[in-house]
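Summary of the model geometry
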Amino acid sequence: MDFSAFVCSFFICCFCCSKAMPTTLNQDAVNDRPVIGILTQIVSDEVMKPFGGTYIPSSYVKYIESGGCRVMPIRLTLTTAEYESIFQKINGLIFIGGTGDLEKSDFARVAKIFYRLALTANDAGDFFPIWGTCMGLQLLTVLVAGENLLENTSAENIALPLNLTTEAYTSRMFGDFPDDLMKALKHEPLTGNFHRYGVTVKTFQENEKLQSFFSVLSTNVAENGAHFVSTIEGKRYPFYAVQWHPEVNRFQWDKKLNFPHSRHAVQLSSLLADFFANEGRSSLHQFDNPEEEAASLIYNYTPVYAANFTAYEQIYFF
Ligand SMILES: *[C@@H]1O[C@H](CO)[C@@H](O)[C@H](O)[C@H]1NC(C)=O
Ligand SMILES: *[C@@H]1O[C@H](CO)[C@@H](O)[C@H](O)[C@H]1NC(C)=O
Ligand SMILES: *[C@@H]1O[C@H](CO)[C@@H](O)[C@H](O)[C@H]1NC(C)=O
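Anyway, here's the lowdown on the structure attached to this text. (Residues numbered from 1 in each chain as written. Chains lettered and ligands numbered in written order. Predicted model: local features only at pLDDT ≥ 70, side-chain atom pairs only at ≥ 80, totals over all residues. Heavy atoms only, no water.)

**Remarks on the sheet that holds strand E2 (residues 41-42)**
Taking strand neighbours across the sheet as the criterion, the four strands line up as E2-E3-E14-E13 in an open arrangement whose pairing is antiparallel. With partners counted over all chains shown, the strands left at the sheet margins are E2 and strand E13 (304-305), one partner each. Sheet analysis places E2 next to strand E3 (residues 54-57), joined by two bridges and oriented antiparallel. In the sheet register, Ile42 faces E3, and the bridge partner there is Thr54. Sheet contacts for helix H2 (residues 58-65): E3 and strand E14 (314-317); angle to E3, the most-contacted strand, approximately 50°. (Pairing = 2+ DSSP bridges. Helix = DSSP H or I, 4+ residues; strand = E, 2+ residues; numbered from the N terminus. Contact = heavy atoms within 4.5 Å. Axes fitted to C-alpha atoms, helices over the stretch in contact; angles between N-to-C directions.)

Right under this line is the structure:
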């Protein structure tokens, strides 16, 4: 065997791999077993009430699992000390879509605890990413602005292309996307919208706190003509949010709803899940022991078949 050839190809391989590593913020650490927390949502829909008080649609779980993460569901009934403890164990957090009060609900209370912990951790060089989808984006704007700036930006059940800003092309979220996907994102309806409220571009630009915290990566036009921000990325913090729903592209199938399932729509969903999973790999938080970790994961719960009474195929109830 030609040993020198072996050594050479080994090094070439390593070189390729290290070149392919994403470069974002202060991410030196590598944790290949990330656990992402998902805050449960309060059940408000009558048909869901018999199953539990809070829930997580399986589509969000599958979405982040597809990036190589495991999920820890986070209930809304714990103490602040318990949330502080959980924060030290998980490697990122997702605020999912749904409906609810963004200032006074238990969901808002718990979200604010984690948001503040994440700010402090990141400021101290302890990398901790947060992702918000739909109401999760709205929630992040309330947390950052310190007030509810939502207006009617109704876009219910419509798939739209994104009006990408110039920042999108150098962003962490989209920066590594292939050119043909960026073109498709601009011209094909790859993003499913299911919302009544949002933050208008004007309100965003006039709000000093939002403006200095987030870069706007895309905007869209609502049914009433309002221009709203549809994708945002933290300038200094690894916080990301979309007013649309990347998880539906691969994991929701209700024919009454305009879920994009094209090749590009699926690719978009995959790449964003990969992106956020990679962010999670830069967090070194960990559970105290394997038993505690195993008991915390969503694998301990069984989703309920829900396609015959909701727009979700499966839902975890708590
Ligand atoms: C796209 O965004 C630009 C500003 O970035 C705005 O001037 C333009 O009106 C928007 N177009 C559409 C179709 O939303
Ligand atoms: C929002 O605007 C749409 C379109 O103009 C309208 O149909 C809807 O009733 C408005 N919703 C609210 C909550 O004001
Ligand atoms: C939905 O389907 C399940 C069986 O898969 C059934 O047990 C349940 O009663 C159905 N629910 C409704 C609201 O039809």
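**So, the site of ligand 3**
Taken together, Tyr305, Asn308 and Phe309 make up the full set of residues adjacent to ligand 3. Compared with its free state, where it exposes 360 Å², ligand 3 has 28% of that area covered by protein. (Near = heavy atom within 4 Å. Areas by Shrake-Rupley, 256 points an atom, 1.4 Å probe, with all protein chains shown as cover.)

**Brief notes about unusual backbone geometry**
Even without a glycine there, the phi angle at Cys134 is positive, about 55°. Inspection of the secondary structure assignment puts Cys134 in the loop between strand E6 (130-133) and helix H5 (135-145). Owing to a relative accessible area of 5%, Cys134 belongs among the buried residues under this scheme. Backbone geometry at Asn157 places phi at a positive 65°, although glycine is not the residue there. Mapping Asn157 onto the fold places it in strand E7 (residues 151-160). By relative accessible area, Asn157 is classed as partly exposed at 25%. (Buried < 20%, exposed > 50% of the residue type's maximum accessible area, 1.4 Å probe, protein only.)

**Structural notes on the side chain of Gln41**
Along the chain, the position of Gln41 falls in strand E2. Relative accessible area serves as the criterion here: at 1%, Gln41 is assigned to the buried category. Polar side-chain contacts of Gln41 include one of 3.2 Å to the backbone oxygen of Ile96. Setting aside anything within four residues of it in sequence, one finds Gln41 in contact with Gly53, Thr54, Tyr55, Ile96, Gly97, Gly98, Thr99, Phe107 and Met135. (Polar contact = N/O pair within 3.5 Å; in protein donor to acceptor, adjacent residues only side chain to side chain.)

**With respect to the site of ligand 1**
Neighbouring ligand 1 are Asn163, Thr219, Val221 and His227. One nitrogen or oxygen atom from the side chain of Asn163 is found 2.4 Å from an oxygen atom belonging to ligand 1. Here ligand 1 loses 37% of its free accessible area of 360 Å² to cover by the protein chains. Classifying every residue of the shell around ligand 1 by side-chain character gives one nonpolar, three polar and no charged. (Nonpolar A, V, L, I, M, F, W, Y, C, P; charged D, E, K, R; others polar.)

**Description of the sheet that holds strand E5 (residues 93-95)**
Taken in spatial order, the eight strands make up an open sheet running E4-E1-E5-E6-E12-E11-E10-E8, and their pairing is mixed. Strands with a single pairing partner mark the edges of an open sheet, and in this sheet they are strand E4 (70-74) and strand E8 (163-164). Here two bridges tie strand E1 (residues 35-39) to E5, and the two strands are oriented parallel to one another. Its bridge partner being in E5, Gly37 is matched across the sheet by Leu93. Where H5 meets the sheet, it contacts E5, E6, strand E10 (214-221), strand E11 (227-234) and strand E12 (239-242), and its direction lies at approximately 120° from that of E6.

**Points about the side chain of Asn122**
Position of Asn122 among the secondary structure elements: in helix H4 (residues 106-123). For Asn122, a relative accessible area of 11% puts it in the buried group. If we ignore the near neighbours within four places in the chain, the residues touching Asn122 are Phe127, Phe128, Tyr237, Pro238 and Phe239.

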